[in-house]
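What follows is each chain in one-letter form.
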Amino acid sequence: MSEILPSEPKGHIEVKNFSLSYDSIEGPVQAVTDTQIHVKPGEFVSIVGPSGCGKSTLLNAVAGFLKPTTGIVTVDGERVNGPSAERGMVFQQYSLFPWKTVRENVEFGLKMRGMPRSQRERAARTLLGLAGLEAFEKHYPEKLSGGMKQRVGIVRALATGPKVLLLDEPFGALDAQTRVIMQQILTNMWQRLKISVLFVTHDIDEAIFLSDRVYCMTARPGSIKAEIPIPLERPRQQSMMMSSEFLALRRGLMSLIREESLKAMGGEINDMGMQGLSIELHGHSLADVI
Amino acid sequence: MSSPALVRHTEDSMPAIADAGPVSAVTPPATPPSFGTLALRWYRLNRESLRAIAIGIISLLAFLLVWHLLTTYRVVFFVRFTNVPSPLAVHASFTKAIHDPKFLLHIVLSCRRILIGFSLAAIVGVPLGLIMGRFKLMHEIIFPVAEVLRPIPAIAWVPMAIMLWPTNEQSIVFITFLGSFFPILVNTLHGMSLVDPVLVRAAQCLGARERSIFREVYFPASLPHIFTGLTVGMGVAWVSLIAAEMISGQYGIGYFTWEAYSLVQYPDIALGMIAIGVLGLGSSVLIRGAGRLVMPWRSTR
């Protein structure tokens, strides 16, 4: 267990002068430009932004799946050169191995590290117990609900004792109630393990509720528009989401994102255009007018 | 989070159960259910499959009856049943044949050819498909040749096979191999092309290197398609084998069937056909069973 319960917070992520572009027939396309972010050891940081702004691109670069066109990504001073078990990742599509049982999925990282079978079985059982999934260890993922699958996904990413945990809209496919519970489970695990978390989402409430800091990205080409510290005290309760402090943060972030979302839609909807939605039809139905 | 509510709930509901008196719907009966009850429950749970089995048996019997009537009355209605053997005649020749070591030899030899040809095709086709799916250069080199050879039916290879191989036996096995090779290769390739890249990335994030990713992700992810390829390949293997045996064989169930025609042993024609059908069915059942063993995560569906 010492491997998964580090005493000192670790995992200092730094992204400096980052930009990423890819080639297309019309020439290079900028996905992300001129971006600096950092996550202090043990910190929980979220990235929010309109869809297609490059927040997942940024996360994939930290994971090591994408190489920056310019700039550098480091974790604890070491340059990121490719994916590694030091940076655990949780995907929106769960991405559990369907041919492995729940426990075998959790064991995977330990197996890759060459841990003997009996030892990794014990470690996996302990972790599954923490997530309340012990009873499902022999099930295949297909039989689990979305929330359970993602719990397995998180536990699997944590099993190898990574320095940082990267999450790419992990709760995006879950229903609202499950999502709230998953947020609490994630907070709980993060507080126990004291590792750094970089969390990508388009859900503003989720970002505020979970994070110490939130980065807000601009529309494509993405860059950091604002950095908002979240001074809400911990442990956080669901009831806090109604507090004036929370709502003020939410209002601020909403207006930032809204501006960028409208930009991302190519200016096809501006505030003038939105007014069209409330045109008075004088008692006629829409079908009559058309 | 919700534990206080849960506790309260149980406290509230406990007296309610107590009020309901000693009779409780949840408590199981003290005596185990009788055999009759169990049988009834089993029947209810399996009604659908029992129905399918019953109808299946009836339809096979109806087929036999129609066959019997058509041949006894020697019906001629566009199709001529004058020389077609009746089920009873086929049954008579069957009882004679199972005591005839020569008939059994035909069957054993056909099975051996299938076993060798099909196994070779699987041993070559599956790894080749996996490698071609993983390494682009291998795909670029091998795929064009495979695409040119693939549309040639195995039967068209018969003259070439006779030239290529010193013995008849070898050329028949070669034809069987060719028949099953391409379906196995193509389906394995297809399976490899459908492997979810997110699963590969997930494995990489958990510290998996190239070899482990191949073994732990690409191979199991392709298995369903590999087994589709094996099933199709087995079917084509029988088609090719029978054709090859009819043309160039001296033994084998295909040769037996053709020989029966030449020797005017009409009941043996039908016997050979039925034997081919039963053997083909048996081999595909074997492959399906192997698939279920190898892919336990799919059998629960």
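Residues numbered from 1 in each chain as written. Chains lettered and ligands numbered in written order. Predicted model: local features only at pLDDT ≥ 70, side-chain atom pairs only at ≥ 80, totals over all residues.

1. Observations regarding the confidence of the model for chain B
A low pLDDT means the predicted coordinates there should not be read in detail.
Residues and elements named next belong to chain B.
Turning to step 1, where the next piece is worked out: Mean pLDDT over chain B: 88, with 89% of residues reaching 70 or higher.
Turning to step 2, where the next piece is worked out: Low pLDDT, under 50, characterises residues 1-25; the stretch is placed with two contacts to residues that sit more than four places away or in other chains.
Turning to step 3, where the next piece is worked out: In the predicted assembly, ipTM is 0.86 and pTM is 0.82. (pLDDT = per-residue confidence, 0-100. Contact = placed C-beta atoms within 7 Å.)

2. Some remarks on helix α6 (residues 136-149) of chain B
An α-helix turns once per 3.6 residues; consequently, residues spaced three or four apart project the same way.
Residues and elements named next belong to chain B.
Turning to step 1, where the next piece is worked out: With 14 residues, α6 extends 20 Å from end C-alpha to end C-alpha; this agrees with the ideal 20 Å at 1.5 Å per step.
Turning to step 2, where the next piece is worked out: Approximately 35° is the largest bend angle found in α6, and it occurs at I142, with the proline P144 only one to four residues beyond.
Turning to step 3, where the next piece is worked out: The element α6 is barely covered by neighbouring structure, given that only zero of its 14 residues are classed as buried. (Helix = DSSP H or I, 4+ residues; strand = E, 2+ residues; numbered from the N terminus. Expected span 1.5 Å × (residues − 1). Bend = angle between axes of the 7 residues up to and from the residue. Buried ≥ 20, exposed ≤ 12 C-beta atoms within 10 Å, placed from the backbone.)

3. Examining the sheet that holds strand β1 (residues 13-24) of chain A
Residues and elements named next belong to chain A.
Turning to step 1, where the next piece is worked out: The sheet built from four strands is open, its strands ordered β2-β1-β4-β5 with antiparallel pairing. Each edge of the open sheet is held by one strand with a lone partner, namely β2 (27-39) and β5 (78-79).
Turning to step 2, where the next piece is worked out: Of the pairings in the sheet, the one linking strand β4 (residues 70-75) to β5 comprises two bridges and is antiparallel in character. For V75, the partnering residue across the bridge sits in β5 and is E78.
Turning to step 3, where the next piece is worked out: Of the strands in this sheet, β1, β2 and β4 touch helix α1 (residues 55-63), which is tilted by about 115° from β1. (Pairing = 2+ DSSP bridges. Axes fitted to C-alpha atoms, helices over the stretch in contact; angles between N-to-C directions.)

4. Topic: the domain arrangement of chain B
It is common to give the size of an interface as the accessible area lost on bringing the parts into contact.
Turning to step 1, where the next piece is worked out: In terms of domain boundaries, chain B breaks down into domain 1 (31-84) and domain 2 (87-299).
Turning to step 2, where the next piece is worked out: Computed over C-alpha atoms only, the centres of domain 1 of chain B and domain 2 of chain B are separated by 31 Å. (Domains from an automatic or database assignment.)

5. Overview of the interface of chain B and chain A
Turning to step 1, where the next piece is worked out: At the interface, 14 residues of chain B touch 23 residues of chain A.
Turning to step 2, where the next piece is worked out: Broken down by secondary-structure element, the contributors of at least two residues to the side of chain B that touches chain A are α9 (197-205) and α10 (210-248) of chain B.
Turning to step 3, where the next piece is worked out: Considering every element that reaches the side of chain B that touches chain A, the biggest residue donor is α9(B), with six residues.
Turning to step 4, where the next piece is worked out: Across the side of chain B that touches chain A, the residue classes break down as nine nonpolar, four polar and one charged. (Nonpolar A, V, L, I, M, F, W, Y, C, P; charged D, E, K, R; others polar.)

6. Regarding the sheet that holds strand β3 (residues 44-48) of chain A
Residue and element names in this part refer to chain A.
Turning to step 1, where the next piece is worked out: On the basis of which strands lie adjacent, the open sheet formed by six strands has the order β6-β7-β8-β3-β9-β10 and mixed pairing. Pairing within the sheet leaves two strands with one partner each, and these edge strands are β6 (87-90) and β10 (224-229). Each strand axis lies, on average, 15° off the axis of its neighbour in the sheet, ignoring direction.
Turning to step 2, where the next piece is worked out: As defined by bridge partners, strand β7 (residues 164-168) adjoins strand β8 (residues 196-200) across five bridges and the pair is classed as parallel. By the bridge assignment for β8, V164 is matched with S196.
Turning to step 3, where the next piece is worked out: Along the sheet face, helix α4 (residues 146-159) touches β6 and β7 and points at about 170° away from the line of β6.

7. As for the environment of F94(B)
Turning to step 1, where the next piece is worked out: Relative to the assigned elements, F94(B) resides in helix α4 (residues 87-97).
Turning to step 2, where the next piece is worked out: Separated by 18 residues in the primary sequence, F94(B) and R112(B) have C-alpha atoms spaced 21 Å apart.

8. A word on the packing of helix α11 (residues 253-262) of chain B against helix α12 (residues 266-294) of chain B
Residues and elements named next belong to chain B.
Turning to step 1, where the next piece is worked out: Where α11 contacts α12, the axes come no closer than 8 Å and their chain directions differ by 160°. Considering the angle they form, α11 stands roughly antiparallel to α12. At the point where α11 passes α12, the crossing takes the left-handed sense. On the side of α11, the interface is formed by I253, F256, T257, A260 and Y261, while α12 contributes D268, I269, G272, M273, A275 and I276.
Turning to step 2, where the next piece is worked out: Classifying every residue of the contact of α11 with α12 by side-chain character gives eight nonpolar, two polar and one charged. (Parallel < 35°, antiparallel > 145°, perpendicular 65-115°, else oblique. Left-handed = near helix turned anticlockwise from the far one by under 90°.)

9. So, the nonpolar core
Turning to step 1, where the next piece is worked out: Membership of the largest hydrophobic core comes to 81 residues, with the highest contact counts inside it found for V62(A), L166(A), V197(A), L198(A) and L253(A).
Turning to step 2, where the next piece is worked out: With seven residues, the single largest contributor to this core is α4(A). (Core = buried A, V, L, I, M, F, W, Y, C linked by C-beta atoms within 7 Å.)

10. Considerations on α4(A)
Residue and element names in this part refer to chain A.
Turning to step 1, where the next piece is worked out: Helix length check: α4 (14 residues) gives 20 Å between terminal C-alpha atoms against 20 Å at 1.5 Å per residue, within 8%.
Turning to step 2, where the next piece is worked out: Most of α4 is tucked away, with 12 of its 14 residues classed as buried.
Turning to step 3, where the next piece is worked out: For α4, every residue scored as buried is listed here: M148, K149, Q150, R151, V152, G153, I154, V155, R156, A157, L158 and A159.
Turning to step 4, where the next piece is worked out: In the core, the buried residues of α4 are packed alongside β6, α2 (102-112), α3 (117-130), β7 and α5 (176-193).
Turning to step 5, where the next piece is worked out: Just past α4, the residue G161 takes up positive phi, approximately 65°.

11. Concerning the packing of α4(B) against α12(B)
All names here are of chain B.
Turning to step 1, where the next piece is worked out: Running from N to C, α4 and α12 cross one another at 75°; their axes reach a closest spacing of 8 Å. Accordingly, the angle class assigned to the pair α4 and α12 is roughly perpendicular. Where α4 abuts α12, its residues A89, V90, A92, S93, F94 and A97 lie against P267, D268, A270 and L271.
Turning to step 2, where the next piece is worked out: Residues of the contact of α4 with α12, tallied by class, amount to eight nonpolar, one polar and one charged.

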